[in-house]
Amino acid sequence: MSHHELSPSAFPAWAECPCFDSDEEERTNTLEGTLQHDALSNALKEQPDAYQHLSATARENVQWAEQSIRTLAGEDPIQSEVKLRYMAPDAFARGGQSEVYYGTADVLIRRGNHADLIDYKSGTAERDHRAQLAGYALALFSQRARIKTVRCHVLYGASRSSDSWALSQADAAGIVLPILEARNRQDRLPKVNSYCTFCRHRLTCPALLAEVSKAAAPAEWEEPLPALQEVGATTDPETLGKALDLARLIEIWSKAVRKAATELAQAGSVPPGYQLQSRRGTREITDTQQAIERIGIPPDSFLGSQRISLSKLADTYATTKGVTKKQATEQLETLVCDLIEEKKGTVSLVAAKQA
Ligand code: SF4
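Conventions and cut-offs
- Residues numbered from 1 in each chain as written.
- Predicted model: local features only at pLDDT ≥ 70, side-chain atom pairs only at ≥ 80, totals over all residues.
- Pairing = 2+ DSSP bridges.
- Helix = DSSP H or I, 4+ residues; strand = E, 2+ residues; numbered from the N terminus.
- Near = placed C-beta within 6 Å.
- Nonpolar A, V, L, I, M, F, W, Y, C, P; charged D, E, K, R; others polar.
- Domains from an automatic or database assignment.
- Axes fitted to C-alpha atoms, helices over the stretch in contact; angles between N-to-C directions.
- Contact = placed C-beta atoms within 7 Å.

S.K.: Tell me what's going on with the pairing of strand β2 (residues 97-111), and back it up with residues and numbers.
M.R.: Relative to β2, strand β1 (residues 79-89) runs antiparallel, the two sharing ten bridges. Each bridged residue has a counterpart across the sheet, and for Val82 the counterpart in β2 is Ala105. Two successive antiparallel strands, β2 and strand β3 (residues 114-121), enclose a turn made up of two residues, where Gly112 displays a positive phi of approximately 60°.

As structure tokens, this is what we get:
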């Protein structure tokens, strides 16, 4: 799915740091979320096999969301994957308006001068998504003058919980416009926050580096270190929290350093004292029920699971047939070879072994 340069999906991060830019590689790692979004969209369009690519748990979570949306809509039509444009007055543009941003809302239900906007999240309620929904709502208000109130809903699949609130156009503008203004400022400054993990600038960001450099300052550790050495004795959770904050930021930066160094090493610049290490990707059974029938293990093994790892299947096969796990794996590689899918392997940079 394409994202506008000013996409509402980035508004929650910009509300915390106007310099945030999403790391595309981190975004592509959210495959499970994309699968669930596609399944929900297909289910709402009543397409057959909408849930076919989901695990049993993911299927139940998305089905819960689908049912919640249908209950909310009642007799009103449900629109899914709706592109919404925020149009602002522009005396120089044709028609007197120009597009400031656009985004794609998961679900829109219109009813007279009210509307419901729904966003599905495959995880739990860890973050505040109000700025994102305000972005969609403001765009909707700008496109449909008749709409006076938008009710926003975020459905969290993993916890099967929801968060709902209402916005007027003024409410939505009050949230969105300061975010856009801060983002568009030439002199915007970075501010360390919980989105740094997903930010493309985390390797070189001055705000993050300033926090990381504190780790080298002995004064910064005078308080937290004694508390860390004797956790049971500390009566001050704030002290531990301070040390943890620092540790978390160092971790974000050090992961970014490792990733950049690994990419450089793969391109030929291996740092002295290090070597590249490849690991084979995990192997998965793509159709568990078919595999169970073919190899003759109890039919209720792995109930409801579409995919399982070859290693798990080998454990059960070894117990049932009285063979070692190594023998089980070898036999399965022959018996169900057409049902095995190997995930992408990983490459990491590790300290070279001393000769
Ligand atoms: S790494 Fe820097 S620019 Fe990115 S979100 Fe964190 S503080 Fe902002």
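S.K.: Got a sec to walk through the site of the ligand? Specific residues and values, please.
M.R.: In the region of the ligand, 15 residues are neighbours, and Cys17, Pro190, Cys196, Cys199 and Cys205 sit closest. Partitioned by chemical class, the residues of the shell around the ligand number eleven nonpolar, two polar and two charged. Structurally, the shell around the ligand is a two-domain feature, drawing no fewer than three residues from each of domain 1 (8-184) and domain 2 (202-269).

S.K.: I'd like a description of unusual backbone geometry, backed by residues and values.
M.R.: Its identity as a non-glycine residue notwithstanding, Asp49 has a phi of 60°, on the positive side. Within the fold, Asp49 resides in the loop between α3 (31-44) and α4 (56-73). With a phi angle near 55°, Glu81 is a residue other than glycine that sits in the positive phi range. Take Glu81: it is sitting in strand β1.

S.K.: Can you explain the sheet that holds strand β5 (residues 161-167)? Please cite residues and give values.
M.R.: Taking strand neighbours across the sheet as the criterion, the five strands line up as β1-β2-β3-β4-β5 in an open arrangement whose pairing is mixed. Taken across any chain shown, the strands that pair with only one partner, and hence form the sheet edges, are β1 and β5. Going from strand to strand, the sheet's axes swing by 40° on average, the running direction of each strand aside. The pairing of strand β4 (residues 149-156) with β5 spans seven bridges and is antiparallel. Opposite Val154, over in β5, you have Asp163 as the bridge partner. Relative to the sheet, α3 contacts β1, β2 and β3, its axis offset from that of β1 by approximately 100°. Relative to β1, helix α5 (residues 130-143) is tilted by about 70°, and along the sheet it contacts β1, β2, β3, β4 and β5.

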